[in-house]
Amino acid sequence: MYCCQLLHTDCNSLAFNCKQGLGMGFLAALSTGIFSVAWWPLLPDIYWYFVLTCALSVAAGCYAFICSRLRSIVMMLVTFGWGTLFGLWSAYDLLDHQLPAELHGQDLIVTGIVTGLVDRDDRRSRFSFAIDNTSKADPEPELRSLLLSWYASQAEELKPGDRCSFIVRLRQPRGLVNSAGFDYQSWLLQQGYSAVGTVRSLEQNCAVSPVFNARLGRMRSSIQNSINAADMTNPGILVALSVGSKRQLSDQWDNLARLGIVHLVVISGLHIGLVAALGTWLGSGLGRLLLLYRQSQAGRWLPSVMGFLAAGYYSLLAGFSLPSQRALIAVAVVMLARLLYRRINPVSCLVWALLLIAIDQPLAVLGAGFWLSFLAVALLLLWFLPWHPKTVRSSFRSIVGAQFALMVALLVPSLLYMGKASWLAPVVNIIAVPWISLVTVPLCVLASLVFFVSQSAAVFFWQLADYSVSALWLLLDIFPLSMGLVISPVALIFGWQ
């Protein structure tokens, strides 16, 4: 009797796992359909494509009802087709908000808000500009966001969050069609810019805007200015880890790439996940206190809520950039599963995150960071979770092995897509990952939290973070500048760079 019950339980478990795997297959097919539109050379008429998708879905449904052979594959193809329909709708929505060809090179009056941080050098100030309305155009274009450059001396007074009215000369987003160059047009489209342009003159004096995006920009700018005003040895890294701005790292970028630690000195998915874990840990401690002294049920959901809020706060510090949005979506999936008391498979988390990212960012597949980050997470899941006992998974030997496995697995896509990769990364990351993740990043987050209460206390924590970075560089400077990079011409030849 016991054996029959055990066999029945195993059969039910196997059936559940098969159904779950099939469901993940449909989600993956939907995500792939959405992403695939990014590579279509031409976009068909969306009305006729909708009619065609409906007709094929009805035909596939009839086939699945009559014949059970290949039913799952047929339904996955239907799911893929509906994914492509959503991707096509997203593509047309993006194109509808691009600058019309007839307004290319024309002067317009635009009113809106300066968003994000202002990038300044000796010649110009460059900034993102969220459009409220335009004039001197008939019909008025439906523009969303502009990337503007301003060469006048007045630009030095421009601040994030300012609401201004400019006379601008706009151009359609475009870049050089060069197999050896950066795809600037693709980057502009991924960032959601409707046009790029130059400020000709200030039509109306700027005023402080009260909207949330404006306040966020002013907050990030204040943190950046406070770090730069202090006597720091590594202000660029502190700014990158505090507000996500990489502009001050331009002089160090090649050296960081050589060492393979670019992902450690900017706000990345790794750091947002770390901050979420710290928030969960703090929430768990507070939850235990509440359960102990007040017998409150709030302690059961507090860890997940605090983990998500911590990740959300750090994403806001990063300006809610596209990589931080992707990481926050993944954190939200995990925290929601915890709140619902569901033991969700890590692979299921990955597939759900992939679908939500596809819905939010259909052009994410055009960026190398998307592929490398998802490949790294998938490799770590395969390495740690299903195959080894906890004692082996948590050992230092296994962690070192994971670093080398990541290096080997990511070496080929890095060489093919970017033309270079760091063979020093596994050795350097064994030291740099725990040091920056457990010392530098928490200090930067703590400094940003206390910044609005006491700026002197915030500068003290940033100074400690600066000391931690300097200590790390003392170790990393032992590697000669001639070591570290493997260069491949493949990306240049085929135009993948």
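We now examine the packing of helix α6 (residues 235-243) against helix α15 (residues 425-450). Here α6 crosses α15 at 80°, and the two axes come no closer than 9 Å. Considered as vectors, α6 and α15 are oriented roughly perpendicular to each other. Mapping the contact onto sequence places Leu238, Leu241 and Ser242 in α6 and Ile436, Thr440, Val441 and Cys444 in α15. For the contact of α6 with α15, the per-class residue count stands at five nonpolar, two polar and no charged.

Most of strand β4 (residues 162-171) is tucked away: seven of the 10 residues are buried. Of the strand pairs in this sheet, strand β1 (residues 107-120) and β4 are connected by seven bridges, and their pairing is antiparallel. Each bridged residue has a counterpart across the sheet, and for Thr111 the counterpart in β4 is Ser165.

Further remarks concern helix α3 (residues 71-96). Helical periodicity: at 3.6 residues per turn, an α-helix aligns residues three or four positions apart in one direction. Compared with the 38 Å implied by 1.5 Å per residue over 26 residues, the 38 Å span of α3 between its first and last C-alpha is a close match. Within α3, the full set of buried residues consists of Val74, Val78, Thr79, Gly81, Gly83, Thr84, Leu85, Gly87, Leu88, Ser90, Ala91 and Leu94.

Time to look at the sheet that holds strand β5 (residues 195-208). Ordered by their spatial adjacency, five strands build a closed barrel running β1-β2-β3-β5-β4, and the pairing between neighbours is mixed. Here the average twist between neighbouring strands, direction ignored, is 50°. Strands β1 and β5 of the sheet are contacted by helix α5 (residues 212-229), whose axis makes an angle of about 40° with β1.

The buried fraction of strand β3 (residues 145-150) amounts to six of the six residues, a majority that puts the element mostly inside the structure. Burial of the side chains of β3 extends over both faces: Ser145, Leu147 and Ser149 are buried on one face and Leu146, Leu148 and Trp150 on the other. In terms of strand pairing, strand β2 (residues 125-135) meets β3 through six bridges, oriented antiparallel. The residue bridging Ser125 from the neighbouring strand is Trp150, located in β3.

Right, let's talk about the side chain of Arg124 for a bit. Tracing the sequence through the fold places Arg124 in the loop between β1 and β2. Not counting residues within four places of it along the chain, the set of residues in contact with Arg124 comprises Asp119, Ser149, Trp150 and Tyr151.

Moving on, we come to the state of the cysteines. The full count for this structure, using the stated rule, is one disulfide. Paired through a disulfide, Cys164 and Cys206 show a sulfur-sulfur distance of 2.0 Å. The chirality of the disulfide connecting Cys164 with Cys206 is right-handed, given an S-S dihedral of about 120°. Here Cys164 is found in strand β4, whereas its partner Cys206 is found in strand β5, with 42 residues between them in sequence. On the accessibility criterion, Cys164 (2% relative accessible area) is buried.

Next up on the list: the nonpolar core. Judged by nonpolar contacts, the single largest core of 52 residues is most densely connected at Ile261, Tyr314 and Trp462. Elements represented by at least two residues in this core include exactly α5, α6, α7 (253-259), α8 (269-293), α9 (298-317), α10 (322-339), α15 and α16 (455-476). The leading source of residues in this core is α15, at eight residues. When neighbours within four sequence positions are excluded, Trp462 is seen to be in contact with Ile223, Ser226, Ile227, Met232, Leu238, Ser242, Cys444, Ala447, Ser448 and Phe451. Leu99, Ala155, Leu158 and Val168 belong to the second largest nonpolar core, which has 21 residues in total.

Under the defined criterion, the tally for this structure stands at one cavity of 30 Å³ or more. Its volume calculated, the largest cavity comes out at about 50 Å³. Those elements that provide at least two residues to the lining of the largest cavity are α6, α15 and α16. Tallying contributions element by element places α16 first for the lining of the largest cavity, with four residues. Among the residues forming the lining of the largest cavity, the class breakdown is nine nonpolar, one polar and no charged.

What follows concerns the packing of helix α2 (residues 46-66) against α3. At their nearest, the axes of α2 and α3 sit 10 Å apart, and the two run at 165° to each other. Taken together, the axis directions place α2 and α3 in an arrangement best described as roughly antiparallel. α2 and α3 meet at a crossing whose hand is left-handed. Residue-level inspection shows Ile46, Tyr49, Phe50, Thr53, Cys54, Ser57, Ala60, Tyr63 and Ala64 of α2 in contact with α3, the latter providing Arg71, Val74, Met75, Val78, Gly81, Trp82, Thr84, Leu85, Leu88, Trp89 and Tyr92. Split into classes, the residues belonging to the contact of α2 with α3 amount to 15 nonpolar, four polar and one charged.

Tracing the backbone through its elements, the reader meets Leu85 in helix α3. Remark: the alpha-carbon pair of Leu85 and Thr53, spanning 32 residues in sequence, is separated by 7.8 Å.

Per the counting criterion, the structure on display carries 14 aromatic pairs. Relative to Phe452, the ring of Phe451 has its centre 5.3 Å away and its plane inclined at 85°; by these criteria the two rings are edge-to-face. Judged by its relative accessible area of 6%, Phe451 is buried. Put simply, the rings of Phe127, Phe129, Trp150 and Phe166 pair up and form one aromatic cluster.

Reading guide: rules and limits
Residues numbered from 1 in each chain as written. Predicted model: local features only at pLDDT ≥ 70, side-chain atom pairs only at ≥ 80, totals over all residues. Heavy atoms only, no water. Axes fitted to C-alpha atoms, helices over the stretch in contact; angles between N-to-C directions. Helix = DSSP H or I, 4+ residues; strand = E, 2+ residues; numbered from the N terminus. Parallel < 35°, antiparallel > 145°, perpendicular 65-115°, else oblique. Contact = heavy atoms within 4.5 Å. Nonpolar A, V, L, I, M, F, W, Y, C, P; charged D, E, K, R; others polar. Buried < 20%, exposed > 50% of the residue type's maximum accessible area, 1.4 Å probe, protein only. Pairing = 2+ DSSP bridges. Expected span 1.5 Å × (residues − 1). Disulfide = S-S within 2.5 Å. Core = buried A, V, L, I, M, F, W, Y, C linked by side-chain atoms within 4.5 Å. 1 Å grid on protein atoms, 1.4 Å probe; cavity = no way out; pocket = protein on both sides within 12 Å on 5 of 7 lines; lining within 4 Å. Points joined across faces, edges and corners; volume = space filled by probe spheres on them. Left-handed = near helix turned anticlockwise from the far one by under 90°. Phe/Tyr/Trp six-rings, centres within 6.5 Å; stacked < 30°, edge-to-face > 60°.

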